[in-house]
Amino acid sequence: MSNDSKNETPTSSPEAARAPRWRRRKEARPSEILAAALDIFLERGYDATRLEDIAKRAGCTKGTVFLYFQGKADLFKAAVREAMLPMIKASEQDFATHEGPIRDLLESMMRQRWEVFQRSRIAGLPSMFLADGTRFPELTRFFHDEVWSRSQSLFARVIEEGIRRGEFRPMEPLEASRSFMAPLLLGNLWKKSFTPVLDPGVDVDRFFEQALDIFFRGIVAEPHREMA
């Protein structure tokens, strides 16, 4: 046996070198499909999206898509969960471990969602449901129950805790959370639908800062009053 043969390790063989890459590729496949699906759903809308196009963008066949997902509706739900639930779960964990003023936590959560709805790749989701929600009631109920309502309920719990601590005045927490979620939708509507066709449009970030100021002035137990 030559010295070269003695120094060879099992991982240097072509078969061994290929195996780890194949395993990594197979494990990554569902995420690749979900990423491609979300992009195309947001570009074309739910109705115009075809599984063939998703498979092509993900670099696989339509048959491969069906190995992981039952159909287009199942794939859409999985793509939305993949995109949205990590943020919600992280906020829930932040609430469970937060020790400072509740206002700081609430404002941080609000700003995070504003950035997501304005500048992330999933910013088109709310507008998509505004446009097509009534045509696909099953998907609309899914988005409401698993994403929108869960996030809104978290805001309500945070506001309720602020009331309990005396930081916020007595109010109905769920209604208060809806009062904040409304500017998120309006800002998203301006950004995705109105701004592209209106000149000069609306400065949505300035709108958000104003909405945030009004919101906190309305809920804090002792609102700041400007000196006359």
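Structure first, text after, so check above.
Novice: Just checking my understanding: could you explain the overall build of the protein for this structure?
Specialist: Helices and strands together make up the secondary structure of the protein, namely 10 helices and zero strands. Helices and strands appear in the protein in the N-to-C order α-α-α-α-α-α-α-α-α-α. The proportion of buried residues among the 228 residues of the protein is 38%. Put simply, of all contacts in the protein between residues at least 6 apart along the chain, 70% involve residues at least 24 apart. Only carbon and sulfur atoms are counted for the fraction: they give 52% of the accessible area of the protein, which is about 13,500 Å².

Novice: Just checking my understanding: could you explain the pattern of salt bridges for this structure?
Specialist: Proximity of charged atoms lets side chains of opposite charge pair with each other. Within the structure shown, the criterion is met by 19 salt bridges. Its salt-bridge partner being Glu 43, residue Arg 57 comes within 2.8 Å of it at the nearest N-O pair. Taken together, the residues Arg 57 in helix H3 (residues 51–58) and Glu 43 in helix H2 (residues 14–44) connect sequence positions 14 residues apart. Residues Arg 103 and Glu 107 are paired through a salt bridge, measuring 3.9 Å at the closest nitrogen-oxygen approach.

Novice: Just to check I follow, could you spell out the packing of helix H5 (residues 72–97) against helix H8 (residues 137–165) for this structure?
Specialist: Relative orientation and spacing of two packed helices are given, respectively, by the angle between their axes and the distance between those axes. Between H5 and H8, the least distance of the axes is 10 Å, while the angle of their chain directions is 5°. Regarding the angle of H5 to H8, the classification is roughly parallel. Contact residues: Ala 73, Phe 76, Lys 77, Val 80, Arg 81, Met 84, Leu 85, Ile 88, Lys 89, Ser 91, Glu 92 and Phe 95 in H5; Glu 138, Leu 139, Phe 142, Phe 143, Glu 146, Val 147, Arg 150, Ser 151, Leu 154, Arg 157, Val 158 and Glu 161 in H8. Residue classes in the contact of H5 with H8 are distributed as 13 nonpolar, two polar and nine charged.

Novice: What exactly am I supposed to notice about the side chain of Arg 113 here?
Specialist: With respect to the helices, strands and loops of the structure, Arg 113 is situated in helix H6 (residues 102–119). Among all residues touching Arg 113, those that are not within four sequence positions of it are Met 87, Ile 88, Ser 91, Ser 151, Leu 154, Phe 155 and Leu 184.

Novice: How do you make sense of the packing of aromatic side chains when you look at a structure like this?
Specialist: The relative placement of two aromatic rings is captured by the distance of their centres and the angle of their planes. For the structure shown, the criterion picks out 15 aromatic pairs. For the pair Phe 180 and Phe 208, a centre-to-centre distance of 6.4 Å together with 70° between the ring planes defines the contact as edge-to-face. Remark: Phe 208 occurs in helix H10 (residues 204–219) and Phe 180 occurs in helix H9 (residues 173–194); sequence separation between them is 28 residues. Feature note: the residues Trp 114, Phe 155, Phe 180, Phe 207, Phe 208, Phe 215 and Phe 216 constitute an aromatic cluster, connected by ring pairs. The positively charged end of Lys 72 is found above the aromatic ring belonging to Tyr 46, 4.5 Å away from the centroid. Arg 103 extends its terminal NZ or CZ atom over the ring of Phe 216, reaching a point 4.2 Å from the ring centre.

Novice: Could you clarify how one ought to interpret the environment of Asp 203 in this entry?
Specialist: Its place among the elements puts Asp 203 in the loop between H9 and H10. For the pair Asp 203 and Gly 187, spaced 16 residues apart in sequence, the C-alpha to C-alpha distance is 9.3 Å. Only 3.2 Å separates the side chain of Asp 203 from the backbone nitrogen of Asp 205, close enough to count as a polar contact. For Asp 203, the side chain forms a polar contact with the main-chain nitrogen of Arg 206, separated by 3.1 Å.

Novice: Would you mind showing me how to read H5 here?
Specialist: For the α-helix, the turn length of 3.6 residues means that residues three or four positions removed from each other point alike. An ideal rise of 1.5 Å per residue puts 38 Å on 26 residues; H5 measures up with 38 Å between its terminal C-alpha atoms. The sharpest bend along H5 measures roughly 40° and falls at Met 84, with the proline Pro 86 sitting one to four residues further on. Among all positions of H5, only Lys 72, Leu 75, Phe 76, Lys 77, Ala 78, Ala 79, Val 80, Met 84, Leu 85, Met 87, Ile 88 and Ser 91 are buried.

Novice: For this particular structure, what's the right way to read H10?
Specialist: With 16 residues, H10 should reach 22 Å at 1.5 Å per residue; the first-to-last C-alpha distance of 22 Å fits that figure. Those residues of H10 hidden inside the fold are in contact with H6, H8 and H9. Sitting at the head of H10, Asp 203 places a side-chain oxygen 3.2 Å from the backbone nitrogen of Asp 205.

Novice: Sorry if this is basic, but what is going on with the nonpolar core here?
Specialist: Here is a general trend for soluble globular proteins: nonpolar side chains tend to be buried in one another's company. In this structure, Ile 54, Leu 75, Phe 76, Leu 106, Leu 125 and Phe 180 are the most contacted members of the largest nonpolar core, which totals 57 residues. Elements with a contribution of two residues or more to this core: H2, H3, H5, H6, helix H7 (125–132), H8, H9 and H10. Sequence-distant contacts of Phe 180, defined by excluding residues within four places in its chain, comprise Met 110, Phe 155, Phe 208, Leu 212 and Phe 215.

Reading the values: the criteria
- Residues numbered from 1 in each chain as written.
- Predicted model: local features only at pLDDT ≥ 70, side-chain atom pairs only at ≥ 80, totals over all residues.
- Heavy atoms only, no water.
- Helix = DSSP H or I, 4+ residues; strand = E, 2+ residues; numbered from the N terminus.
- Buried < 20%, exposed > 50% of the residue type's maximum accessible area, 1.4 Å probe, protein only.
- Contact = heavy atoms within 4.5 Å.
- Areas by Shrake-Rupley, 256 points an atom, 1.4 Å probe, with all protein chains shown as cover.
- Salt bridge = Lys/Arg side-chain N within 4 Å of Asp/Glu carboxyl O.
- Axes fitted to C-alpha atoms, helices over the stretch in contact; angles between N-to-C directions.
- Parallel < 35°, antiparallel > 145°, perpendicular 65-115°, else oblique.
- Nonpolar A, V, L, I, M, F, W, Y, C, P; charged D, E, K, R; others polar.
- Phe/Tyr/Trp six-rings, centres within 6.5 Å; stacked < 30°, edge-to-face > 60°.
- Lys NZ or Arg CZ within 6 Å of the ring centre and 35° of its normal.
- Polar contact = N/O pair within 3.5 Å; in protein donor to acceptor, adjacent residues only side chain to side chain.
- Expected span 1.5 Å × (residues − 1).
- Bend = angle between axes of the 7 residues up to and from the residue.
- Core = buried A, V, L, I, M, F, W, Y, C linked by side-chain atoms within 4.5 Å.

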